[in-house]
There are 2 protein chains.
Amino acid sequence: MLLLRRCHGLTRCGPVSTHRHKVTPAVASCTARLCSSSGAEDQRLSQRTNWKHVLAGLLAGTGAVLAYGLHQHKAEQADVGVSTLEKSSPLPIFSQDEVTKHSSLEHGVWVTYKGSVYDITEFVAMHPGGNKILLAAGGALEPFWALYAVHNQEHVLEILSQYKVGELTEDDLKKQRAAEPTDPFSSDPERHPVLRINTRKPFNGEPPPEILSDSYITPAAFFFKRNHLPVPQVDPASYRLQVEGLPGGGLTLSLEDLKTKFPKHTVTATLQCAGNRRSDMNKVKAVKGLNWGITAIGNARWSGARLRDVLLAAGFGPDVARWARHVHFEGLDKDVTGTPYGSSIPLSKAVSEEGDVLLAYEMNGEEIPRDHGFPVRVVVPGVVGARNVKWLGRVVVSAEESGSHWQQHDYKGFSPGTDWDHVDFKSAPAIQELPIQSAITVPADGAVIDRSDETLTVTGYAWSGGGREVVRVDVSLDGGETWQVAQLRSGEKGQAPEAPPPPGRAWAWKLWEITAPLPPEAQELEIVCKAVDSSYNVQPDTVPPIWNLRGLLSNAWHRVTVRVRDD
Amino acid sequence: MLLLRRCHGLTRCGPVSTHRHKVTPAVASCTARLCSSSGAEDQRLSQRTNWKHVLAGLLAGTGAVLAYGLHQHKAEQADVGVSTLEKSSPLPIFSQDEVTKHSSLEHGVWVTYKGSVYDITEFVAMHPGGNKILLAAGGALEPFWALYAVHNQEHVLEILSQYKVGELTEDDLKKQRAAEPTDPFSSDPERHPVLRINTRKPFNGEPPPEILSDSYITPAAFFFKRNHLPVPQVDPASYRLQVEGLPGGGLTLSLEDLKTKFPKHTVTATLQCAGNRRSDMNKVKAVKGLNWGITAIGNARWSGARLRDVLLAAGFGPDVARWARHVHFEGLDKDVTGTPYGSSIPLSKAVSEEGDVLLAYEMNGEEIPRDHGFPVRVVVPGVVGARNVKWLGRVVVSAEESGSHWQQHDYKGFSPGTDWDHVDFKSAPAIQELPIQSAITVPADGAVIDRSDETLTVTGYAWSGGGREVVRVDVSLDGGETWQVAQLRSGEKGQAPEAPPPPGRAWAWKLWEITAPLPPEAQELEIVCKAVDSSYNVQPDTVPPIWNLRGLLSNAWHRVTVRVRDD
């Protein structure tokens, strides 16, 4: 509320771009602060480009999605707050017809939300999604916010409240409610109840650590699910994949084509979300994004056509290689404006024989489950999950990187000193290969060990991006003072390991285990793990120096503390 | 001396393999301890394989070479020590003829050193170079030790003293001295006097940090020199490169062939010694190896034939790809037994179009200087210096990795908990791609800054192996509490930067610079740098958790402390 009041006047004197005042740095700074984590220190005034990015994470429906329960609760609270705030000044009543007249910058942009009417004309230029906001002009915000649950946060509602100009008539409110959209997530698939849920809509969940490290090949039910939008319902019979950007006008492939016209390849590959272990960063200082634990990672056997083979069939050759640099992927999961989830990878990875990029239609020997991309997803081994596009609809060969939000304004790493007021997304490359990672799955943080056990067994996983094989995992029982080398495993327990990969093509993780004597006298143990890959990359010791505003790439040593109980 | 006495009896009861006692673990452990750094804690008994590796670094003339001045001094001291030790027991006088009779295991193995006679029969089985030691049997050690300067260390002389059996006649000693070999290093090239010398013979030197970061392209004179053996004298007219292991019986190429039969390619690539920044590890706990500072790294423009093209011309094709996995390189620098310096790289790197491996005959637009491999060296961009073999004589395509000492028992990384008694060289992969690295070249550690300057400019370099581009360098003036982002540079100051590399082919370093306000009040600043590569790999915070017994891969944050002086 304090911030709100401080910004009130400034926001009022704000834009809009064309026919009103020009946006001032003061407004930008203020808006940015409203949308950044509470408790942030006072920050210097910033440039117009910066606050756009501040809001990007919020409004484009991607990163900063609050837990469903949490945001519902907050939204209700905020709603009360809005009413209270405006109670002292009775505002006029408008009909839907009157609101509808204000559906352009020329005539003003009005929207309704829960029976209130807002003139957001001034805000349009500040909306990072740009003109997308005009889709709601003259109508209700609810259908849009149903998709972008992220809007339902207190500070977003606080921003909205600044623009309130009146109330909708009771009749029109009733009509609106009757016409409210059905829940776009209602056809999402069932999920295994063991998953720990980050958000329900869109669904984001991860398995308990001790279950994850039980299997070298992660069963699909326990494989972390990271959805940006509702899971699309795709009919496999009418499914078509469009391959574009190549000479000859493109290629259209049915699921049957993919299965029968190209050799079937199988690759065991680990996928990891860029936000895995974000919770460790949140403990240092709040970041934007889903509060993943240590299990937004899984290892599966993927089968499908090689992207290389499909691109060659579609006309890729030396002529294309001269100008093309990237391959874009678009999902069939679309937002309310029809914009699909999208990303791209470098062409060199896509067409390399050693890149092993698949258009996968099987996961662990069965058809890919809906949550993992049915009927076809791209599997880009060694590369961040965000580029492994699910429900693949379109592949485009291009001279440019994907322009999608998720490629340009998300999934990039920044210095710990970079804040939302100063971040320049153009200054950092889109995350592709991920760095070396490891974590302890057993014991859990806070576990209690009996001294009479005499030994302690610690288990975990380790993986590195770019096909770099994990060559060693060091484990410490004393917070990193002394280290022992863990046993690595490349297969199910008690079974033969998978064949060793060629150099640079180690796409799968290793599970590890060590049994060590309990140090005598110790009352508490700080267990630490750190892994080394075949390029001898190591994990950083601590979290604060790699902290970044989006909480990505969280790969510091993993630490758990256990207590030793005397019998 | 204490250790010496403790081991004396044990060593005497030692081997030799065939006709005396079998080597016991106790002997092995004792020997190992003698050869490891003094001051090491008492260590558990070890297996035979372990002490072999302990001595390997010493006796194969590679890693653990002491500074010339230092070892000469120590050798003289030790010499005195040996005489003193034996003074109380007058020993018999032998003629050279009598010594010569003992030149086999059957008749005993005697050697002479500085006029003393030693029966080293029992030691032969303990010599990690194996039978190589028999080359000296019946004669003088001096010509061998002239090549392997590493032998001239106090503890090696202490081991030798155990085997003293007599003195050489004065006459024979005089004859020996007259026949002493000319210095094998006498034809080494001149070096720039600015280089900081680690060892003179073989020559190992690095430039002052502030000179290194003056140029984006390091002039050859200032490029670090890392030689394992004397620099060979190669006549370019009679030089021949042998290419073997391929169908058709191999290919022999003259320098002229290399220059005229294959397209000339130019690559800007940074080479770094695996031991760069070893001095940081030595500060934690003594390691074996040259005590490099931060400048065993340089960036040059290399030109030559692509290895890929030469292998294709020599018969490489799909048939070979089915069984071949590695490409070996052998230098023309040979030890006294005729064994050349050698190493290998994965075949995939050697034949890849994107690997950019060169058989280089030019460095910075001129013929490669002798210290850097005249007339031909391999340049393996993104890969540790040790695989960039100089004075290239032979290229062999093989199913196996190079069996050379430097591939199998050196240049590998280990856990900080691994000591010489327990190291298993088979457990770690040979270093190929190096991890992310950066260092501060200006100001120097201990520098004094005037407070009236108000700002401080910090400069340095950053590089990563495997073609991973440096995407960011963070600099801290407060020991890592807060961070600022440095400006990166890919060319000479004030000139246009080099063209950006394709993804995965960023072989060259970046120089960086930052000018920041001097923090008011600060009396002392701990300046820290850390770099990030395109796979978002980062440097570890501290040295101890990456410490390893050979002091390789030293890439923790670089720190320098400066004092702020009030005027």
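Residues numbered from 1 in each chain as written. Chains lettered and ligands numbered in written order. Predicted model: local features only at pLDDT ≥ 70, side-chain atom pairs only at ≥ 80, totals over all residues. Heavy atoms only, no water.

Chemist: Any chance you could explain the overall build of chain A here in plain terms?
Modeler: Counting its secondary structure elements, chain A contains 15 helices and 27 strands. Across the 567 residues in chain A, those meeting the buried criterion constitute 59%. Contacts in chain A between residues far apart in sequence, at least 24 positions, make up 74% of those at least 6 positions apart. Accessible surface computed for chain A: about 22400 Å², of which carbon and sulfur atoms make up 52%. (Helix = DSSP H or I, 4+ residues; strand = E, 2+ residues; numbered from the N terminus. Buried < 20%, exposed > 50% of the residue type's maximum accessible area, 1.4 Å probe, protein only. Contact = heavy atoms within 4.5 Å. Areas by Shrake-Rupley, 256 points an atom, 1.4 Å probe, with all protein chains shown as cover.)

Chemist: Is there a simple way to think about the interface of chain A and chain B in this case?
Modeler: Listed by partner, the interface residues are 36 residues for chain A and 36 residues for chain B. In total, about 2700 Å² of surface goes out of reach between chain A and chain B, with carbon and sulfur atoms giving 55% of it. Applying the counting rule to chain A against chain B returns zero salt bridges. The leading source of residues in the side of chain A that touches chain B is strand 22 (residues 470–476) of chain A, at three residues. (Buried area = accessible area lost by both parts, 1.4 Å probe. Salt bridge = Lys/Arg side-chain N within 4 Å of Asp/Glu carboxyl O.)

Chemist: Is there a simple way to explain the pattern of salt bridges in this structure?
Modeler: A side chain of one charge can pair with a side chain of the opposite charge when the charged atoms of the two come close. Residues and elements named next belong to chain B. One pass over the structure, following the stated rule, counts 52 salt bridges over all chains. Arginine 468 is paired through a salt bridge with aspartate 533; the nearest N and O atoms lie 3.5 Å apart. With a gap of 65 residues between them, arginine 468 in the loop between strand 21 (455–463) and strand 22 (470–476) and aspartate 533 in strand 26 (residues 524–533) connect regions that are remote in the sequence. Arginine 468 gets classed as buried once you look at its relative accessible area, which sits at 5%. Glutamate 526 is the partner of arginine 559 in a salt bridge, and the nearest nitrogen-oxygen pair spans 3.2 Å. In this pair, arginine 559 sits in strand 27 (residues 558–565) while glutamate 526 sits in strand 26, placing the two residues 33 residues apart along the sequence. Taking relative accessible area as the criterion, glutamate 526 reaches 29% and is therefore assigned partly exposed.

Chemist: It is not clear to me how the environment of Thr455(A) should be interpreted in this structure. Could you clarify?
Modeler: You can see Thr455(A) is positioned in strand 21 (residues 455–463). Beyond its immediate chain neighbours, meaning those up to four positions away, Thr455(A) contacts Thr515(A), Ala516(A), Pro517(A) and Leu518(A).

Chemist: Sorry if this is basic, but what is going on with the environment of Thr182(A) here?
Modeler: All names here are of chain A. Along the chain, threonine 182 falls in the loop between helix 8 (170–178) and strand 6 (196–199). A relative accessible area of 67% places threonine 182 in the exposed class. When the C-alpha positions of threonine 182 and tryptophan 463 are compared, they lie 41 Å apart, and in sequence the two are 281 residues distant.

Chemist: Please clarify how the relation of the copies chain A and chain B should be interpreted in this entry.
Modeler: Here the second copy of the chain follows from the first by a rotation about an axis and a shift along it. Rotating chain A by 179° about the axis while translating it 0.1 Å along that axis superimposes it on chain B, leaving an RMSD of 0.3 Å. In the structure described here, the two chain copies are related by an operation that fits a two-fold rotation axis. Looking at the rotation axis and the C-alpha trace of chain A, the residue lying nearest is Pro540(A), at 2.1 Å. Taken as a fraction of all interface residues of chain A, those also at the interface in chain B reach 100%, which identifies the copy contact as same-surface. (Least-squares fit on C-alpha atoms with pLDDT ≥ 70 in both.)

Chemist: Even after reading the chapter, I still don't get the sheet that holds strand 8 (residues 225–226) of chain B, so can you show me in this structure?
Modeler: All names here are of chain B. Across the sheet, three strands lie side by side as 6-7-8; this open sheet has antiparallel pairing. Of all the strands in the sheet, just strand 6 (196–199) and strand 8 have a single pairing partner and so form its edges. Examined bridge by bridge, strand 7 (residues 204–206) and strand 8 share two bridges and lie antiparallel to one another. Looking at the pairing, glycine 205 lines up with lysine 225 of strand 8. (Pairing = 2+ DSSP bridges.)

Chemist: Teacher, can you tell me more about the domain arrangement of chain A here?
Modeler: The extent of an interface is frequently quoted as the accessible surface area lost upon association of the parts. All names here are of chain A. Considered domain by domain, chain A is made up of domain 1 (2–178), domain 2 (196–422) and domain 3 (437–565). Summarising the inter-unit geometry, the C-alpha centres of domain 2 and domain 3 are found 27 Å apart. Listed as interface residues are 49 residues of domain 2 and, on the opposing side, 39 residues of domain 3. Summed over both partners, the interface of domain 2 with domain 3 comes to about 3700 Å²; 59% of that surface belongs to carbon and sulfur atoms. For the domain 2 face of the interface with domain 3, the top three residues by lost area are Tyr216, Arg277 and Met281, together amounting to 23%. Inspection of the domain 2/domain 3 interface yields three salt bridges. A salt bridge links aspartate 410 to arginine 550; the shortest N-O distance between them is 2.6 Å. Scanning the region where domain 2 abuts domain 3 turns up 26 residue pairs in polar contact (both at pLDDT 80 or more). Elements that contribute at least two residues to the side of domain 2 that touches domain 3 include exactly helix 9 (209–212), strand 11 (264–272), helix 11 (278–284) and strand 12 (297–306). Considering only residue class, the side of domain 2 that touches domain 3 consists of 18 nonpolar, 16 polar and 15 charged. (Domains from an automatic or database assignment. Polar contact = N/O pair within 3.5 Å; in protein donor to acceptor, adjacent residues only side chain to side chain. Nonpolar A, V, L, I, M, F, W, Y, C, P; charged D, E, K, R; others polar.)

Chemist: Sorry if this is basic, but what is going on with the packing of aromatic side chains here?
Modeler: The description of two aromatic rings rests on the distance between their centres and on the angle between their planes. This structure, assessed with the given rule, holds 20 aromatic pairs over all chains. Summarising the aromatic geometry, the rings of Phe123(B) and Tyr163(B) are spaced 6.0 Å apart at their centres and angled 55° between planes, so their arrangement reads as tilted. Of the two residues, Phe123(B) is situated in the loop between strand 4 (116–119) and helix 6 (142–147) and Tyr163(B) in the loop between helix 7 (154–161) and strand 5 (164–168); the sequence distance between them amounts to 40 residues. Both residues of the pair, Phe123(B) and Tyr163(B), count as buried. Summarising the aromatic geometry, the rings of Phe223(B) and Trp302(B) are spaced 5.8 Å apart at their centres and angled 85° between planes, so their arrangement reads as edge-to-face. One end of the pair, Phe223(B), is in the loop between helix 9 (209–212) and strand 8; the other, Trp302(B), is in strand 12 (residues 297–306), and 79 residues separate them in sequence. Through a chain of ring-to-ring contacts, the aromatic side chains of Phe223(A), Phe224(A), Trp292(A) and Trp302(A) assemble into a single cluster. It is Lys285(A) that lies over the ring of Trp547(A); its NZ or CZ is 4.5 Å from the centre. (Phe/Tyr/Trp six-rings, centres within 6.5 Å; stacked < 30°, edge-to-face > 60°. Lys NZ or Arg CZ within 6 Å of the ring centre and 35° of its normal.)

Chemist: Quick question: what am I supposed to make of the pairing of strand 15 (residues 358–363) of chain B here?
Modeler: Note on strand geometry: in a regular strand, side chains alternate between the two faces of the sheet. Residue and element names in this part refer to chain B. Most of strand 15 sits out of view: six of its six residues are buried. In the sheet, strand 12 pairs with strand 15 via five bridges, with the strands oriented antiparallel. Bridge assignment links arginine 306 to a residue of strand 15, and that residue is leucine 358. Pairing of strand 15 with strand 16 (residues 366–367) involves two bridges; the strand directions are antiparallel.

Chemist: Please explain empty space enclosed by the protein as it appears in this structure.
Modeler: Over the atoms, a rolled probe matching the size of one water molecule traces out where space is still vacant. Going through the model one piece at a time under the given rule, you end up with ten cavities of 30 Å³ or more. Within this model, the largest cavity holds a volume of roughly 240 Å³. Along the walls of the largest cavity sit 20 residues, with Arg226(A), Arg377(A), Gly385(A), Asn388(A) and Lys390(A) positioned nearest its centre. Of the residues that constitute the lining of the largest cavity, the class distribution is eleven nonpolar, five polar and four charged. Estimated volume of the second largest cavity: approximately 210 Å³. Every residue lining the second largest cavity is counted, 18 residues in all, and those nearest its centre are Arg226(B), Arg377(B), Gly385(B), Asn388(B) and Lys390(B). Here the residues of the lining of the second largest cavity are counted per class, giving ten nonpolar, four polar and four charged. (1 Å grid on protein atoms, 1.4 Å probe; cavity = no way out; pocket = protein on both sides within 12 Å on 5 of 7 lines; lining within 4 Å. Points joined across faces, edges and corners; volume = space filled by probe spheres on them.)

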